[in-house]
Amino acid sequence: MSDGRFENVAFADARRLVEKLGFRIRQQRGGSHLVYRHPSVPALLNLQAQRGEAKSCQLRQLLRLASSMIDSWRRVMTEGPQRQYHIDIF
């Protein structure tokens, strides 16, 4: 990444990453666009290959969505109900 641009990221690698993060294909448009949805993210993610590589603007969108997911998970973990444990030792 240089100057906010992603370069030389293979489309197949980007697709594997998206699916490993839990996104699932919602629909495919015209054969070149893949539209992904994640159960905890309201926005859709669109991926399209350009000469075998992922478009940098779509990779930036993926990073923003992944960052939002991490922030949400972090809030749940830190603001969730606190459990207290008591251990009796005889």
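Below or above, wherever it landed, is the structure these notes cover. Everything quoted here is computed from the prediction, not taken from an experiment. (Residues numbered from 1 in each chain as written. Predicted model: local features only at pLDDT ≥ 70, side-chain atom pairs only at ≥ 80, totals over all residues. Heavy atoms only, no water.)

1. Topic: the overall build of the protein chain
Helix and strand counts for the protein chain come out as two helices and four strands. Element order for the protein chain, N to C, with α for helix and β for strand: α-β-β-β-β-α. When contacts within the protein chain are restricted to residue pairs at least 6 apart in sequence, long-range pairs at least 24 apart make up 39% of them. For the protein chain, the exposed area adds up to about 7,000 Å²; of that, 52% sits on carbon and sulfur atoms. (Helix = DSSP H or I, 4+ residues; strand = E, 2+ residues; numbered from the N terminus. Contact = heavy atoms within 4.5 Å. Areas by Shrake-Rupley, 256 points an atom, 1.4 Å probe, with all protein chains shown as cover.)

2. Focus: the environment of Lys-55
Along the polypeptide, Lys-55 turns up in the loop between strand 4 (53-54) and helix 2 (56-79). Assessed through its relative accessible area of 23%, Lys-55 is described here as partly exposed. Separated by 41 residues in sequence, Lys-55 and Ala-14 place their C-alpha atoms 9.5 Å apart. If sequence neighbours within four positions are ignored, Lys-55 has contacts with Gln-48 and Gln-50. (Buried < 20%, exposed > 50% of the residue type's maximum accessible area, 1.4 Å probe, protein only.)

3. Considerations on unusual backbone geometry
Here Arg-51, not a glycine, exhibits a phi torsion of approximately 55°, which is positive. Judged by its relative accessible area of 77%, Arg-51 falls in the exposed class.

4. Focus on the nonpolar core
Among soluble globular proteins, nonpolar side chains are generally buried collectively. Judged by nonpolar contacts, the single largest core of 15 residues is most densely connected at Val-18, Phe-23, Tyr-36 and Leu-45. Elements represented by at least two residues in this core include exactly helix 1 (11-20), strand 2 (33-38), strand 3 (41-50) and helix 2. It is helix 2 that provides the largest number of residues to this core, a total of four residues. Setting aside its immediate chain neighbours within four residues, Phe-23 contacts Val-18, Tyr-36, Arg-37, His-38, Leu-45, Leu-62, Leu-65 and Met-69. (Core = buried A, V, L, I, M, F, W, Y, C linked by side-chain atoms within 4.5 Å.)

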